[in-house]
Amino acid sequence: MTDFQLSLTMSDPALEAGLSLPLGDDLSGETGSPTDILGGEAGNLKRVFFNNIGCFWDPSPFTAIVELGLTNAIHLRYTDLIDFLRHASGLQTLRLVNIEFVGAVPQVVDDTVSLPHLTELVLAELTELIGLGYLYASLETPACQILHVDLRPPVAVLRLAALPARAALGVQKALAGDNGSILAFHRNTSTQSASWSSRDEGGVWQSEQPRFHISFRGTDGGPASLFSNFVKGVQMIAGDAGEIVVDVGDSVSGAIDGAFGHGLDAIVLFLDSFEGLKVVEVRADFVDGYFQLLEEMMVSRESEDWCLKGLKTIRLSAIPEEWLETIPYESARCCLEQFISHIRQKCYGVKRDEPIPEDGASMSIVLEGTFAIQAATSRALEKGDDLWGIQIKSSNADLVSPTDGRGEVDEKRSH
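Since we're looking at a predicted model, the values are computed, not measured.

A. Fine view of the pattern of salt bridges. Taken as a whole, this structure holds 10 salt bridges when the rule is applied. A salt bridge links Arg95 to Glu67; the nearest nitrogen and oxygen atoms lie 3.3 Å apart. Here Arg95 is found in strand β5 (residues 93-97), whereas its partner Glu67 is found in strand β3 (residues 67-71), with 28 residues between them in sequence. The partly exposed category is assigned to Arg95, whose relative accessible area is 25%. One salt bridge connects Arg77 with Asp80, and the closest N-O pair in it is separated by 3.1 Å. Classification of Arg77 by relative accessible area gives buried; the value is 19%. Salt bridges sharing partners connect three or more residues here, namely Arg47, Glu67, Arg95 and Glu120.

B. Quick peek at the pairing of strand β14 (residues 243-247). With 4 of 5 residues buried, β14 is to be regarded as a mostly interior element. Across 4 bridges, strand β11 (residues 181-187) lies against β14 in parallel orientation. Across the sheet, residue Ser181 finds its bridge partner in β14, namely Ile244. For β14 and strand β15 (residues 278-286), the ladder comprises 5 bridges, and the chain directions are parallel. Looking across to β15, one finds that Asp247 is bridged to Arg283.

C. Spotlight on the state of the cysteines. Taken as a whole and judged by the stated rule, the model has 0 disulfides. Free of any disulfide, Cys335 has its nearest neighbouring cysteine sulfur in Cys334, separated by 5.9 Å. For Cys335, a relative accessible area of 6% corresponds to the buried category.

D. Structural context of unusual backbone geometry. Backbone geometry places Asn52, a non-glycine residue, at a positive phi of 60°. A relative accessible area of 22% means that Asn52 is categorised as partly exposed. Positive phi, close to 55°, is recorded for Trp388, a residue that is not glycine. Inspection of the secondary structure puts Trp388 in the loop between β18 (386-387) and β19 (390-400). Relative accessible area serves as the criterion here: at 23%, Trp388 is assigned to the partly exposed category.

E. Just the environment of Ile130, in detail. By the element assignment, Ile130 lies in the loop between β8 (120-124) and α3 (132-138). Judged by relative accessible area, which is 12%, Ile130 ranks as buried. Distance in space between the C-alpha atoms of Ile130 and Pro106 is 8.3 Å, their sequence separation being 24 residues. Excluding anything up to four places from it in sequence, Ile130 contacts Asn98, Ile99, Phe101, Pro106, Ala124 and Glu125.

What counts as what
- Residues numbered from 1 in each chain as written.
- Predicted model: local features only at pLDDT ≥ 70, side-chain atom pairs only at ≥ 80, totals over all residues.
- Heavy atoms only, no water.
- Salt bridge = Lys/Arg side-chain N within 4 Å of Asp/Glu carboxyl O.
- Helix = DSSP H or I, 4+ residues; strand = E, 2+ residues; numbered from the N terminus.
- Buried < 20%, exposed > 50% of the residue type's maximum accessible area, 1.4 Å probe, protein only.
- Pairing = 2+ DSSP bridges.
- Disulfide = S-S within 2.5 Å.
- Contact = heavy atoms within 4.5 Å.

Structure follows, in structure tokens:
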């Protein structure tokens, strides 16, 4: 039996205006006169891909589709899409990226749309809010193996109880491999993003294994502050979320110029509110000598107790001076030795000159980049990788101290 496929790509956006594909005439005044270029064969197509095609599309005649990919510029009615999906029981792959809905505003439908054979789901609104969050909350995809959701959801979507319920099964499948997952928080001058992704062995995707990537973006702290509720909601349904790596990038470096530059509110919520999850590693990009913000992020806001009971590794990457947008506040000054000493005290409840309890879990700090250290630290590390009972891994770091002849450590950093 012939397997029909339609794939259309427009490489020049200037050529998009006025194009309309088969099949819908209610919007013809806006989009141009529909032309049936398929000659009535839409019902025989198995795979349909539109990329950069600025047209209105009615999916209803496409009754045999098993793989659908719509990327950039194409617009359709949300209600038409819902009706199409209700009758697309054989659909195996659905990819919707930067599309546009016209007509009725998207919302969660009363009756969940079941796609029993769907194995890959990609929903992404990378440039603006589209309403794909409402669509995602309306879908039931029990066979999904590959889940990629990248949304700009309003707070109303973030608070939907259906959102973690839809993600739970896909997350559970991916984490069954026991390779853990990564929570990542990143920013640029206008947006923040919070994401949760599965990890494969060695950090490399294996195509045959289930995997997921779920990301929320926003122009304020909304996605970040509510993300922990989403993750915990998924865990309540899916069960144990396994070992988690938290990567905050430079979000709490204090070296960000703009809306998220120096305030802690958007990020301090993270590790405190993720208490109870198995966070085994924290990764952060920092300005050497300004570790106070990271230290504050890793303790409870209410009790100042250590909130990451299972933490094994802190991975610090020094931001090169030439990359800095701004210098952190003076109040954030804290040298590496102070940071290690304070973390040690918070984690184990002992001072620098006191031994770590025998039943205390081992912890390591991995350094990458250039760091200024005190002469005593340099001498200690020459004897081994242990500093006050904390393992220091610095094979990818350049440690500068007064003893190596390359300059002196700013004395203000050691007090």
